[in-house]
Amino acid sequence: MYLLIDDADLTAIRRIYDCYPVDGVTTNPTILSRCGGSPYAVLKEIRAFIGASAQLHVQAVSRKAEDIALEARHIVNELGENTFVKVPAVPEGFKAMKQLKKDGLRFTATAVYTPMQAFLAAKCGASYAAPYINRIDNMGYNGIETARTIHDMFVNNQMDTMVLAASFKNSMQLLELCIHGIGAATAAPEVIEGLVKNEAITSAVDAFVSDFEQLAGDGADMRSCN
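Trainee: Tell me about the overall build of the protein, and please be specific about residues and values.
Mentor: When helices and strands are tallied, the protein shows eleven helices and eight strands. With the principal axes as the frame, the protein shows a C-alpha extent of 70 × 35 × 30 Å. Each of the 226 residues in the protein was classed as buried or not, and the buried ones make up 45%. Summing over all exposed atoms, the protein offers an accessible surface of approximately 12100 Å²; the carbon and sulfur share of this is 52%. Charge-centre separation for the protein: the mean point of 20 positive side chains lies 11 Å from the mean point of 26 negative side chains.

Structure (C-alpha cells):
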C-alpha cells in the first residue's frame, strides 16, 4: 500500500519524510487555502522537496470538462509528469477524465462517496479513486466498508485503478484498510504519526535506555562501552 501525506505545509511534510517511508503528497483546494499565497509557489516547493519520482496529487477546480482538461495539462506542465490531476467524480468530471486518458495524463477521481462513482472513474481510466472515509461515516454510512467494496470491485473486474483512501480521523481506520490490501492511502501528518504514538512503546524504549545507562553510565550507548 502506498502511503501519502495529505497536507501542503512543507514543515509538516519535511517532518514526516524525515522519519517515515512515504510515497508522496496529496493536496486539495482547501488544504492549499490554509497555506495562503500562490498555489503554484506552494506546490513547486513541495515538488522540489519530494523529488520528481514521488507522487503529487493536485486538484483541478474548473467546472466544465473542456476547462478541466486544459487545467490538467497546465498542472502537469508546471509540476512534472508524476503529478496526478484530481478530478471530481461528477458528470463533467467523467467527461474530462475520458479526454485526459486520451491525452495520456494520469488522474485521480476525487470526491468519491459511492462505489459506482469509483466504477465509472475506473472505466474512464483513472489511476486512483479516492473515497472519503470519515466523510462517508459522517453521512451515516460505513467509510471503511465502502473503500473495501471499491477495492474488491476493481480486483474482481480486473481494473487497473487503485483505491486512494482519504479523509481519516484516526490511525485505526488506516490499519483496517492496510490489512485489506488497498492500493494507497493518504492521511494528515498527525494520523501518520499516530501509527506509532503509543505510551506503551515509549515506555518500553525509555526502560531499555534507563537499564543500559545503569549498566554503563549516563549517556552511554553501544559505541562507548568497550
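Trainee: Any chance you could break down the nonpolar core for me, citing the residues and the numbers?
Mentor: With 59 residues, the main nonpolar core has I46, M97, F154, A165, F168 and L177 as its most contacted residues. Apart from the residues lying within four places of it in its own chain, the contact partners of I46 are A8, L10, I13, V25, T27 and L56. With six residues, the next largest nonpolar core counts Y128, A130, L164 and A184 among its residues.

Trainee: Help me get a handle on the pairing of strand β7 (residues 162-165), residues and values and all.
Mentor: For a regular strand, side chains alternate in direction, first toward one face of the sheet and then toward the other. Taken together, the two bridges between strand β6 (residues 128-131) and β7 define a ladder with parallel strand orientation. By the bridge assignment for β7, A129 is matched with V163. Inspection of the sheet shows β7 paired to strand β8 (residues 184-187) by two bridges, in the parallel sense. Bridging from a neighbouring strand, A165 pairs with A185 of β8. Remark: the β7/helix α9 (residues 171-180)/β8 crossover connection has right-handed handedness.

Trainee: Describe the sheet that holds β7, with residues and values.
Mentor: Overall, parallel pairing links the eight strands, which are arranged β1-β2-β3-β4-β5-β6-β7-β8 in a closed barrel. Taking each pair of neighbouring strands and ignoring which way they run, the sheet shows an average axis angle of 30°. With four bridges connecting them, strand β3 (residues 55-59) and strand β4 (residues 83-88) associate as parallel partners. For L56, the partnering residue across the bridge sits in β4 and is T83. The strands touched by helix α4 (residues 65-79) within the sheet are β3 and β4, with β4 carrying the most contacts at an inclination of about 155°. Running at roughly 165° to strand β5 (residues 107-112), helix α6 (residues 115-124) makes contact with β5 and β6 of the sheet.

Trainee: How would you explain the packing of aromatic side chains if you had to name every residue and give the values?
Mentor: Applying the stated criterion across every chain yields a total of three aromatic pairs. Plain terms: the ring middles of Y17 and F49 are 5.4 Å apart, the flat faces sit at 75° to each other, and that makes the pair edge-to-face. Of this pair, Y17 sits in helix α1 (residues 10-19) while F49 sits in helix α3 (residues 39-50), placing them 32 residues apart in sequence. What makes Y17 partly exposed here is its relative accessible area of 23%. For the pair Y113 and Y132, a centre-to-centre distance of 5.5 Å together with 75° between the ring planes defines the contact as edge-to-face. With Y113 in the loop between β5 and α6 and Y132 in the loop between β6 and α7 (133-138), this residue pair connects regions lying 19 residues apart in the sequence.

Trainee: Which residues make up the environment of E81, and what are the values?
Mentor: For E81, the position within the fold is in the loop between α4 and β4. Note: C-alpha distance between E81 and K98 (17 residues apart in sequence) is 18 Å.

Trainee: So what's going on with the packing of α3 against α4? Residues and values would help.
Mentor: Packing of α3 against α4 brings their axes to within 10 Å, and their N-to-C directions diverge by 50°. Relative to α4, the element α3 lies oblique. The segment α3 lies against α4, with Y40, L43, K44 and R47 engaging H74, I75, E78 and L79. Of the residues in the contact of α3 with α4, the class split is four nonpolar, one polar and three charged.

Trainee: Before we move on, could you go through helix α8 (residues 143-156) and cite the residues and values that matter?
Mentor: With 14 residues, α8 extends 20 Å from end C-alpha to end C-alpha; this agrees with the ideal 20 Å at 1.5 Å per step. Where α8 is buried, its residues contact β5, α6, β6, α7, β7 and α9. Looking at where α8 begins, the residue whose side-chain oxygen comes 3.1 Å from the main-chain nitrogen of I144 is N142.

Each value, and the rule that gives it
- Once a new chain begins, its residue numbering starts again from 1 and follows that chain's sequence as written.
- Since the coordinates come from a predicted model, pLDDT governs what is reported: local features require at least 70, and pairs of side-chain atoms require 80 or more to be given and counted, while whole-chain, interface and lining totals use all residues.
- In computing side-chain properties, one takes all heavy atoms of the structure into account and sets aside hydrogens as well as water.
- In DSSP terms, a helix is any run of H or I states spanning at least four residues, a strand is any run of E spanning at least two, and both are numbered starting from the N terminus.
- Classification of residues uses two cut-offs on accessible area relative to the type maximum, computed with a 1.4 Å probe and protein chains only: under 20% is buried, over 50% is exposed, and between them is partly exposed.
- Note that accessible areas follow from Shrake-Rupley with a 1.4 Å probe, and for residues the cover is restricted to the protein chains shown.
- In this charge count, Lys and Arg are treated as positive and Asp and Glu as negative; neither His nor the chain ends contribute.
- Charged side chains are reduced to one point each, which is NZ for Lys, CZ for Arg, CG for Asp and CD for Glu.
- Put simply, buried Ala, Val, Leu, Ile, Met, Phe, Trp, Tyr and Cys residues joined by side-chain atoms within 4.5 Å make one nonpolar core.
- Pairs of residues are marked as contacts when any of their non-hydrogen atoms sit within 4.5 Å.
- A pair of strands is treated as paired once DSSP finds two or more bridges between them.
- The crossover handedness rule: strands pointing away from the viewer, path from first strand over the helix to second strand clockwise, crossover right-handed.
- Between N-to-C directions, angles cover 0 to 180 degrees, with each direction set by a line fitted to C-alpha atoms, over the stretch in contact for helices.
- Only rings of Phe, Tyr and Trp enter the pairing, Trp through its six-membered ring, and a pair is recorded when the two centres are within 6.5 Å. The plane angle decides the type: under 30 degrees is stacked, over 60 is edge-to-face, the rest tilted.
- When an angle is under 35 degrees it counts as roughly parallel; over 145 it counts as roughly antiparallel; between 65 and 115 it counts as roughly perpendicular; any other value is oblique.
- All residues other than Ala, Val, Leu, Ile, Met, Phe, Trp, Tyr, Cys, Pro, Asp, Glu, Lys and Arg, Gly among them, are scored as polar; the first ten of these are nonpolar and the last four charged.
- Take the number of residues in a helix, subtract one, and multiply by 1.5 Å to get its expected span.
- Polar contact criterion, stated in full: a pair of N or O atoms within 3.5 Å, where within protein one must be able to donate a hydrogen and the other to accept it, and residues adjacent in sequence count only if both atoms are side-chain atoms.

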